[in-house]
Structure formats: C-alpha cells, structure tokens
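A closer look at the structure
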Amino acid sequence: MSTHSHLGVSSVLTVSPSRRQPAQRRPLVVSVLAAAAGLGLGITIALGIASESAGTLSAPGGIATAIGRMTGLLAAYAMVVVVLLVARVPPLERAIGQDRLVAWHRKLGPWPLYLLVGHAIFITVGYARAAHDGLLHQIGRLLWTYPGMLAATAGSILLIAAGVTSYRLARRRMAYETWWSVHLYSYLALFFAFSHQVDTGAAFVGHPLARTWWTAIWVGTLATVVAARVGLPIWRSLYHRLRVVEVVDEGAGTVSVVMEGRHLHHLPVAGGQFLQWRFLRPGMWWQAHPYSLSAVPSGNHLQITVKDLGDHSSYLARIRPGTRVAIEGPYGAFTPDARNGDRLLLVGAGVGSAPIRALLQDLPEHADVVVMLRASSRHELVLSDAIGPEVRRRGGRMIELPGPRQHVPLDAAALRRLVPDVRRRDAYVCGPEAFTDALAGALQEAGVAADRIHFESFAF
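Rules used throughout
Residues numbered from 1 in each chain as written. Predicted model: local features only at pLDDT ≥ 70, side-chain atom pairs only at ≥ 80, totals over all residues. Heavy atoms only, no water. Phe/Tyr/Trp six-rings, centres within 6.5 Å; stacked < 30°, edge-to-face > 60°. Helix = DSSP H or I, 4+ residues; strand = E, 2+ residues; numbered from the N terminus. Buried < 20%, exposed > 50% of the residue type's maximum accessible area, 1.4 Å probe, protein only. Core = buried A, V, L, I, M, F, W, Y, C linked by side-chain atoms within 4.5 Å. Pairing = 2+ DSSP bridges. Axes fitted to C-alpha atoms, helices over the stretch in contact; angles between N-to-C directions. Parallel < 35°, antiparallel > 145°, perpendicular 65-115°, else oblique. Contact = heavy atoms within 4.5 Å. Nonpolar A, V, L, I, M, F, W, Y, C, P; charged D, E, K, R; others polar.

One pass over the structure, following the stated rule, counts four aromatic pairs. Judged by centre distance (5.3 Å) and plane angle (75°), the ring pair of Phe-334 and Tyr-428 falls under edge-to-face. A residue pair is termed long-range when its members are at least 10 positions apart, and Phe-334 in the loop between β6 (324-331) and β7 (343-349) and Tyr-428 in strand β10 (residues 426-430) qualify at 94 residues. Residue Phe-334 shares its accessibility class with Tyr-428, and that shared class is buried.

Before going further, it helps to examine the nonpolar core. Core analysis: the largest hydrophobic core is formed by 23 residues, its most contacted members being Leu-345, Met-372, Leu-439 and Leu-443. Those elements giving two or more residues to this core turn out to be β7, β8 (368-375), β9 (397-402), α15 (412-418), β10 and α16 (433-445). If one sorts the elements of this core by residue count, α16 sits on top with five residues. With 21 residues, the next largest nonpolar core counts Leu-242, Val-244, Leu-267 and Leu-302 among its residues.

Of all the seven residues making up strand β2 (residues 254-260), six are buried; the element is thus mostly covered by neighbouring parts of the structure. Where strand β1 (residues 242-251) and β2 come together, seven bridges link them in antiparallel fashion. When the sheet's bridge partners are listed, Arg-243 is paired in β2 with Glu-260. The hairpin formed by β1 and β2 contains two residues between the paired strands, and Ala-252 there has a positive phi angle of roughly 55°. Sheet topology note: the β2/strand β5 (residues 301-307) ladder contains seven bridges and is antiparallel. Bridged to Val-258 within β5 is Gln-303.

What follows covers the packing of helix α5 (residues 98-108) against helix α6 (residues 110-130). Angle between the axes and distance between the axes: these two values describe a pair of packed helices. In the contact formed by α5 and α6, the axes pass within 5 Å of each other and the chain directions differ by 20°. Put simply, α5 runs roughly parallel to α6. Contact residues: α5 offers Arg-106, Lys-107 and Leu-108, while α6 offers Pro-110, Trp-111 and Pro-112. Its residues assigned to classes, the contact of α5 with α6 shows four nonpolar, no polar and two charged.

The values reported here are purely geometric and, on their own, carry no functional implication.
Rendered as structure tokens:
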C-alpha cells in the first residue's frame, strides 16, 4: 500500500509470531499421500477381482464385461483422487502448494475420462455378446432400460466438458468465470457416478464389503470437499468479518484494496500466500478470485494489490468502502518456511511485487535480503515506495530494473553481476508466468539449486 494511506497501516509491520505454524516438511506429506492413494488403489482392485468368478468369466462376453467393470472401478477411484487433489485441504495446500497440486490434478485428470470411455466400450461389447445382440441395439437397451444409466451418461458428458476445458489451449480462450462454472458441474457428475456405481454395479450387488468401502470413499470425499471448500471459508468469513475500508491507486492500472476485520492475528496466513476473495456486491458475490496479500495482517487490517487485467480485477478499482468480503484460504507454499537458509533473493515483476512485499515482512529480522523489482518502466515498479523502506530497515539491498527486456536482460550473467553470491541464496520469484519460467531457468544456470528456487503459478 502506498505510504499516503490515512489508515495507519505503515510499511513496517509487526507480525505476531503466534499467527501461524511452520509448514510440514514436503517429503513426508507427499510420501503419506502417495502411500494412502496406493493402498486405496490396491483395495479397489482386490475388491473388483473378488467380485468375479470362473463362471462369469467363461460366459459369453465375460472377459469384456469383467474388463469393463474394472475400468469403471478404476475410473471412479481416479475421479476421487483427482477431486481430492484440488479440494483445498489446508495441510496439503500449505505443505505442497496449490500450483503443484493443480499440476498433479491436470496430469491425472485425463485418466478418469480414458477409463470411463473404456468402461462404456467393454461393458457394451460384453453385454451385447452375452445377449447375442448388436452393439447399437445394446446401447439403446443400456440407456433406456438400466436404472441410473441416463444419469451416468449425463455425468460422463459433464466430466468430458470439464476435461476439455482444462487443456491449455481451451483455458486461454475462456474467462476464469466460464472455466469455473464448467468445473462446478463436475461435482454433479460425481454424484451421478456414485448413484450408478453403487446401485447397479455387479461388484456391489451382494457384496456388502465392497459397498461399504465405496460408500466410505464417496462420503469421505464429499465431507472433505464440503468442509474445506464450504464450511471452513464460511466460518472464517463470519469470524473475521472483513470489509473494504479503502481503495488506493498505486498507478499503472494497479490498486490496493485495504480491508478491516477482527481477530486477524488468528488468521493462519504467511507472507507470500494468497486467498480466494469474494466481494459481496451485485455482480461479484458469486465468484471468488485468487489474489496474494501485499502486506501481512497488521492489527485489524490487511490488503491485496491487483492490476486491472480487464476481468474481475477491473471492478476492484470501483469497489465501495463498506463492501463485505468473504474469504477462502490462505493457500500456497510460497512462504518463508520454504527457504533452506537465511540468505535470500526476492524478485517481483510488475504486480508480482505484491506477494514479495508480504513475504519480505514475514522474514526473520536476521535474514540477509536482496530485493529485485522488474518492470517495463519506472512507473510500473509497483509498491517500490513501500518495499524500499522495509529493505533499508533490514540492512538489505534493493535493485530496481525498469526498462524493455532487450535493454534490461535478466539472464544468468546479469544475475551473477547484480547478485555476486546468488548461488548461495534462496530465490523467490513472482511475476507473469513467462517471466517466472525464464528467470527460474536463468537462476539454475547461474548456479542456484533447483530446490532453492521458489515460485507458484496462479494460472487456472
């Protein structure tokens, strides 16, 4: 926030050490998650095999039907894993980071669709052979005579729509709001899948253990999603009662939205993290958008700094003081806990300087800090007036790099020249995706170990 704000939220903030707990170690969390997923997969396969018999396998179409049933079970299990990866469970978000969880979600996301297609094909072929029927006629019989089949088909179409919109080319061509709405329907698709699976699946009819196992999986998934995505955000929003008190023009199409609440010292947020913000006014209340804090909570105030990109962000410049705010989060592993030492290089490009400022405020006082701000022009060095005093107070060094990319390169040679001991520092980078990727490569070329380069992607 600019120093001219009249709210008394100064550029040097006192951070309560009781506000949050250090993140869990990533390797332990990842190992436990992988072990649990592997165990669940093993149980799922074992229960599917146990439901088959020599008689059913040797019957006409028995092998195809068995394959169809198994691919259906695996599709359902894969859907559960994919959903849980983005359920925004706080311990996982804090330890692993939302960008990594989303990357896993995208990598695994196509497999439920492939398995669903395989399930439909093999089941149809198996049933057609058993009935000595044609494939097209059998498809009609399945759709119109089997209970829950129409709902399952509708659910599959919804999942395919969510999958198609997840591809990078499709995401680039649609607004965040459209993408979010399509994905919201995937929860309805999961409900249809559960109903079809438990009511008509041969692995469940007459198999109480399998039925109990799958019911526990689906109910547990539902409870986790509702608690993390609905219950906790509602509770925190009501508890902290945030409202907008000021909108500060930071220049270059960027504004800081300052909010006031209560008990903010109980909000378990770290510098560098982001929240999903829902501004409760007409046209905005139904959608939440991710913005990083640009200052850690101080007293009863916190803030975000947002650049006008022509979508939801454009409304924030016109938001009225007094507007109530609902929150979801905090999220992200872009925090001081991720560092390997106390010598750091913090790099912010454009509005990426916002989380860099909050991160800087949350570092221990003894940290040796170099802050580098990058922008196309000096006018676009966002929050430099607020970051500079904090860097000087800490005895650190601040480097401002305004100008076109061809005149101000940030390759490995430039990094070594500007920060001679760069290879011995943890580097935190925040900015546009292309800038972040390029700088991460340059840092590695300059000798910084990969596990000491920290950044998160906010692309949906």
